[in-house]
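Overview (structure and organization)
Here's the letter readout for the chains.
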Amino acid sequence: MGIALWFWGGGFSHLAMAETRGANTLVINIIGIKPVEGQVRVALYNAAEKWLEESFFNTVLEVKSQKVEWRVDDVPEGEYGIAAFHDQNKNGEADRNFLGIPKESYGFSNNVKAVFRAPQWDEVKFIVNSTKEVEVKLESWNQ
């Protein structure tokens, strides 16, 4: 299953880095995790045509504070985007209400707000060409 758009539909796939390794390190800090419980699921994308469909790499991080860090080594130079959500109940899904509105907090690179639509690649993309640190703030749909 290649779909990783958990809050608009689909599941969360675990794909391994299959592309050429690089000399760069990407440090992703996910902040604003409330309450401090459950897991954070993070997906890293490396192409516009794969955005929210097929992640380059993803992970599940246990929540032990309001911030979690994911360090990805050997990242090739290029454009990337990040999508993350707080899987508070550890069920592997971004829970939604009867209207399809996310019940768990989520966030994207560049801290793009996504309320009525998924963000576009041009809104979330950033360049990795050396060691880079990125912060993604998780927020609820109604914030």
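Description of the structure in this document.

Definitions and limits used
- Residues numbered from 1 in each chain as written.
- Predicted model: local features only at pLDDT ≥ 70, side-chain atom pairs only at ≥ 80, totals over all residues.
- Heavy atoms only, no water.
- Core = buried A, V, L, I, M, F, W, Y, C linked by side-chain atoms within 4.5 Å.
- Buried < 20%, exposed > 50% of the residue type's maximum accessible area, 1.4 Å probe, protein only.
- Helix = DSSP H or I, 4+ residues; strand = E, 2+ residues; numbered from the N terminus.
- Contact = heavy atoms within 4.5 Å.
- Salt bridge = Lys/Arg side-chain N within 4 Å of Asp/Glu carboxyl O.

Comments concerning the nonpolar core
In this structure, L26, I30, V40, V42 and I82 are the most contacted members of the largest nonpolar core, which totals 22 residues. Secondary structure elements with two or more residues in this core: β1 (24–31), β2 (39–45), β4 (67–75), β5 (78–87), β7 (126–128) and β8 (132–137). Here the element with the most residues in this core is β4; it accounts for four residues. Discounting residues that sit within four places of it in the chain, V40 has contacts with I30, I33, T59, V60, L61, V63, V68, A84, F85, H86 and L138. Listed in part, the 14 residues of the second largest apolar core include A43, L52, A83 and F85.

Comments concerning the pattern of salt bridges
It is possible for side chains bearing opposite charge to pair when their charged atoms get close. The tally for this structure, following the rule as stated, stands at eight salt bridges. With a shortest N-O distance of 3.2 Å, K90 and E62 are connected by a salt bridge. You can see K90 sitting in the loop between β5 and β6 (106–108) and its partner E62 sitting in strand β3 (residues 57–62), a full 28 residues away along the chain. Classification of E62 by relative accessible area gives partly exposed; the value is 40%. A salt bridge links E139 to K113; the nearest nitrogen and oxygen atoms lie 2.2 Å apart. Highlighted residues: E139 in the segment after β8 and K113 in the loop between β6 and α1 (121–124), separated in sequence by 26 residues. Shared partners join several salt bridges into a network, and the residues in it are E79, D122 and K125.

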